[in-house]
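Descriptive analysis of the structure
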Amino acid sequence: MKTPQDVLNFWLDEIGPKGWYAGGETLDAEVRDKFLTTWERAADGHLGLWLTCASETLAYIILTDQLTRNMFRNDAQAFSTDGLARAAAKLAINNDWDMRIDEPARQFFYLPLMHSENLTDQDRAVRLIHSRMPETGENNIDHAKAHREIIRRFGRFPYRNAALHRVSTQAEQDFMSNGGYGAILRKVQAEAA
């Protein structure tokens, strides 16, 4: 099993900002190989001791929110520990632990809220990125607003429907056919310009 420091070293140092959102089968396979067993322990509720300080909670959030999206791309399991990540993020934010972590890594405390299909969480993600990421928040704020707009419009992320075996509405099908997330992001960016 990996340690919190192993998670942080891998994600923050080895992969780093340029690789965080790049994806790809090579990275996905590496993440599965290195962290699947540790993620399974988290999913089973055995990593509660990681939730006792800022850096270890950050590692827990990365494991349960970010690395799952690599390990299980296009599968329902990619979202299966979102609730754990969201609870850990809220705990950390309420204790101001997020403020003990330098930007841009601080964003990972807010991404579980951005990944939530709950509008209150979406509003909070936008506020936190805006108020607590003065140096690098501009890289994330448009994405946060785009996520929020999709939840406002549909109450869920339509691009998850296939993986989660949900039936898409006609409005969701139209959204996906007309550019999906990218179209919303471009609209948000145009409004901000």
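A brief look at the structure comes next. (Residues numbered from 1 in each chain as written. Predicted model: local features only at pLDDT ≥ 70, side-chain atom pairs only at ≥ 80, totals over all residues. Heavy atoms only, no water.)

The next thing to look at is the side chain of N70. Following the sequence through the fold, N70 ends up in helix α3 (residues 54-71). Here the side chain of N70 touches D28 through a polar contact of 2.8 Å, side chain to side chain. If sequence neighbours within four positions are ignored, N70 has contacts with W11, G23, L27, D28, V31 and R32. (Helix = DSSP H or I, 4+ residues; strand = E, 2+ residues; numbered from the N terminus. Polar contact = N/O pair within 3.5 Å; in protein donor to acceptor, adjacent residues only side chain to side chain. Contact = heavy atoms within 4.5 Å.)

Throughout the structure, instances matching the rule amount to 18 salt bridges. Between R32 and E25 there is a salt bridge, and its shortest N-O distance comes to 2.6 Å. Relative accessible area serves as the criterion here: at 28%, R32 is assigned to the partly exposed category. The partner of R69 in a salt bridge is D65, with the nearest N and O atoms 3.5 Å apart. Here R69 pairs with D65, and both are found in helix α3, just four residues apart, close to one helical turn. Linked by salt bridges that have partners in common, E14, E30 and K34 make up one network. (Salt bridge = Lys/Arg side-chain N within 4 Å of Asp/Glu carboxyl O. Buried < 20%, exposed > 50% of the residue type's maximum accessible area, 1.4 Å probe, protein only.)

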